Amino acid sequence: MVALFRRLAPVLAALLALAGPSGAHAEQQDIAAAARGVVRVVLVATNGSDAYFVGHGSGFAVAPDKIVTNAHVVELTREEKDLVIGVIPSEGTKTYGGRIIAFSPGNDLALIQLEEGSLPVSTFYAGAVSDGQHVTAIGYPGTVDRAQGLGLKQLVEPLGTVKTSGTVSSGRASQNFDTVLHTAPLAAGNSGGPLVDDCGRVLGVNSFGSVSDGNDAEFGFAVSWREVASFLRQAGISSLHTVVPCRSMAEADAAEAALAQREEARSEQSERARADAREAALDKARDTAERDVISARENAMAGAAVLLALAVLGLGAGGLFYSQGRERRATWWLAGGGVLLFAAIGLFFLKPSFSSIEERIELPQDANVMGNNAFAWAGDNVCRVDVNRSRLTISQPNDIGFHWAEGGCVDGDTQYVSSGTGWQRAAVPDDHNFVTVSRFDPATGTLRVQRWLPDIDTMAKARALGGGAIKGCGSDSALLGKIATLQNDLAALLPAQPNERIVYHCQKGRLTPEGK
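Rules and cut-offs
- Residues numbered from 1 in each chain as written.
- Predicted model: local features only at pLDDT ≥ 70, side-chain atom pairs only at ≥ 80, totals over all residues.
- Heavy atoms only, no water.
- Core = buried A, V, L, I, M, F, W, Y, C linked by side-chain atoms within 4.5 Å.
- Buried < 20%, exposed > 50% of the residue type's maximum accessible area, 1.4 Å probe, protein only.
- Helix = DSSP H or I, 4+ residues; strand = E, 2+ residues; numbered from the N terminus.
- Contact = heavy atoms within 4.5 Å.
- Pairing = 2+ DSSP bridges.
- Phe/Tyr/Trp six-rings, centres within 6.5 Å; stacked < 30°, edge-to-face > 60°.
- Disulfide = S-S within 2.5 Å.

Moving on, we get to the nonpolar core. Core analysis: the biggest nonpolar cluster contains 27 residues, and Phe60, Val62, Val68, Leu111, Phe124 and Leu232 have the highest contact counts within it. Mapped by element, the contributors of at least two residues to this core are helix H1 (28-35), strand S2 (50-63), strand S6 (109-114), strand S12 (202-209), strand S13 (220-224) and helix H5 (225-234). The dominant element in this core, judged by the number of residues it contributes, is H5, at five residues. Excluding residues that lie within four positions of it along the chain, Leu111 makes contacts with Val62, Lys66, Ile67, Val68, Arg99, Ile100, Ile101, Ala102, Phe231, Leu232, Ala235 and Ile237.

Right, let's talk about unusual backbone geometry for a bit. At Asp108, a position not held by glycine, the phi torsion is positive, near 60°. Of note, Asp108 is situated in the loop between strand S5 (96-104) and S6. The exposure class assigned to Asp108 is buried, which follows from its relative accessible area of 1%. Positive phi is not limited to glycine here, since Asp411 has a value of about 55°. Residue placement: Asp411 occurs in the loop between strand S18 (409-410) and strand S19 (414-415).

Here we come to the sheet that holds S19. The three strands are arranged S17-S18-S19 in an open sheet whose pairing can be described as antiparallel. Looking along the sheet, the strands with just one partner apiece sit at the ends: strand S17 (404-405) and S19. Inspection of the sheet shows S18 paired to S19 by two bridges, in the antiparallel sense. Of the residues in S19, the one forming a bridge with Cys409 is Gln415.

This next bit is on the environment of Gly336. Within the fold, Gly336 resides in helix H7 (residues 327-349). Gly336 sits in the partly exposed class, given a relative accessible area of 31%. Note: C-alpha distance between Gly336 and Leu310 (26 residues apart in sequence) is 9.1 Å.

Once that is clear, we can look at the pairing of strand S22 (residues 435-441). Counted residue by residue, S22 has five buried out of seven residues, so it is predominantly covered. Here five bridges tie strand S21 (residues 422-427) to S22, and the two strands are oriented antiparallel to one another. Bridge pairing in S22 links Trp423 to Phe440. Pairing geometry for S22 and strand S23 (residues 446-452), over seven bridges, is antiparallel. Bridged to Ser438 within S23 is Val449. Hairpin connection between S22 and S23: a loop of four residues separates the two successive antiparallel strands, and Gly445 in this loop has a positive phi of roughly 70°.

Time to look at the environment of Ala374. Position of Ala374 relative to the elements: it lies in the loop between helix H8 (357-360) and strand S15 (381-385). The sequence separation of Ala374 and Phe440 amounts to 66 residues, and the corresponding C-alpha distance is 9.5 Å. Residue contacts for Ala374: discarding those within four places in its chain leaves Trp404, Trp423 and Pro442.

Turning next to the packing of aromatic side chains. This structure, assessed with the given rule, holds eleven aromatic pairs. Ring centres 6.4 Å apart and planes at 80° place the aromatic pair Phe402 and Tyr416 in the edge-to-face group. Within this pair, whereas Phe402 is found in the loop between strand S16 (400-401) and S17, its partner Tyr416 is found in the loop between S19 and strand S20 (417-419), the two being separated by 14 residues in sequence. Pair check on accessibility: Phe402 and Tyr416 agree, each one buried. Here the aromatic residues Trp377, Phe402, Trp404, Tyr416, Trp423 and Phe440 are joined through ring pairs into a cluster of three or more.

A few words on the state of the cysteines. By definition, a disulfide links two cysteine residues through a covalent bond between their sulfur atoms. A complete count under the given rule lists three disulfides for this structure. Note on cysteine connectivity: Cys199 is disulfide-linked to Cys246, with sulfurs 2.1 Å apart. What sets the handedness of the Cys199 and Cys246 disulfide is the S-S torsion sign, and at about 90° it is right-handed. Of this pair, Cys199 sits in the loop between strand S11 (194-196) and S12 while Cys246 sits in the loop between strand S14 (240-242) and helix H6 (249-323), and the two are 47 residues apart along the sequence. The exposure class of Cys199 is buried, given its relative accessible area of 4%.

This is the structure:
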């Protein structure tokens with residue numbers, strides 16, 4: 001643009017290299033998703049009915065209606081009153097006007113308020129940037145525009161961004177403000193565009209490049225997240241950011257598979273331990289039952305012997321009294337001896353048999369883990385992120401509340417449907433540019449949330465499926481049918497791999513304000 005990098009003239013120059021190939025480790029659909037929030041910021045001079053293209057830079061959305069760019073991209077509008085700012089998205093058919101609402105030349109940042117419209121919001125990475133880390137610069141280099149012979153009409157219409165890749169060279173920040181030094185090629189027009197990691201999170205705002213005579217390697221400087229965060233705080237903007245390091249979905253899959261394998265091994269080990277403990281308890285119970293039966297048999301036979309001895313004594317006394325002609329007394333003794341004899345016989349034959357040992361064994365009770373069925377989760381639960389199994393690109397690793405009701409109603413207003421061994425629900429929110437599919441597995445207490453960040457056309461098709469209109473809970477077949485149909489239609493519309501996967505482990509409890 002005119003007077004490009006004028007304020008930093010001694011060190012600022014456009015890099016002339018064209019876009020290089022993307023890094024082998026970058027998730028291309030995440031870079032593409034990040035590019036949807038990137039815009040071309042154009043300056044147009046108006047003179048009556050005529051309009052003249054003055055220059056352009058890049059920018060990206062930090063709120064649906066707010067754009068961050070470099071201060072030097074829009075500084076002419078503060079001096080020339082006939083200049084207007086145009087914001088041109090990378091996709092769609094609409095363009096928007098804008099005005100400056102915050103300006104900070106000290107760290108080369110400016111904030112533009114859209115006069116209308118809404119754009120996908122970028123997420124910042126607030127962690128440390130590593131030396132040698134792969135990065136991608138996204139924007140609108142003028143060298144590419146000129147090589148394609150684009151005229152004013154094309155420059156003020158939505159057009160795809162240009163992406164260039166490089167690596168970070170840490171430890172050499174600008175002396176004027178904190179920057180990230182990198183090797184991703186830049187050119188005039190890249191100013192104000194984002195420098196992103198392989199998950200599409202913004203690391204900084206590209207500001208200027210090193211001067212080269214054509215024989216030296218070229219470097220770019222991006223205003224760091226620390227500078228941007230301070231600038232946005234002062235402007236009253238709450239940005240999206242995360243501190244979870246970037247990892248590829250393949251790395252997340254491998255980590256989850258390894259953890260699942262270890263958990264399976266631990267589960268098998270625990271199962272064997274439970275089986276051994278159960279067997280030991282069973283042996284002990286059998287030994288106890290056997291001892292009880294033997295003791296009961298011995299007691300019965302001893303009792304029968306005593307009764308038999310008393311019966312013999314009674315019968316003998318009765319016979320003696322009878323021989324003496326004392327019939328009345330003999331009758332009592334003979335009757336008593338007979339009763340004792342029958343009691344002794346009964347006690348002997350009714351003693352417990354060895355076959356009753358199995359009946360007397362008290363089987364040990366298993367201490368089952370809470371949550372092995374859907375009913376066990378009824379009520380309030382707290383679900384905590386398992387970072388090792390997750391891949392976070394736009395979300396923070398925050399705990400969430402999860403109120404489960406019988407039949408798959410979550411939080412009182414979201415109906416899940418049974419799917420295999422778990423419960424599943426897809427959502428297409430009206431106020432966010434992503435599609436979510438959540439799955440809850442009652443057997444393990446695992447909640448898996450996957451998000452896709454589709455392009456504007458795919459997002460429009462997803463919303464047209466009517467997901468936002470499916471509200472409430474119930475077992476009505478029409479409601480369950482709508483949810484199942486939505487899930488099937490979305491599966492056909494979206495790619496197999498999501499942009500983000502968050503794995504939560506749930507447990508009974510209520511989420512406190514401190515845990516949010």
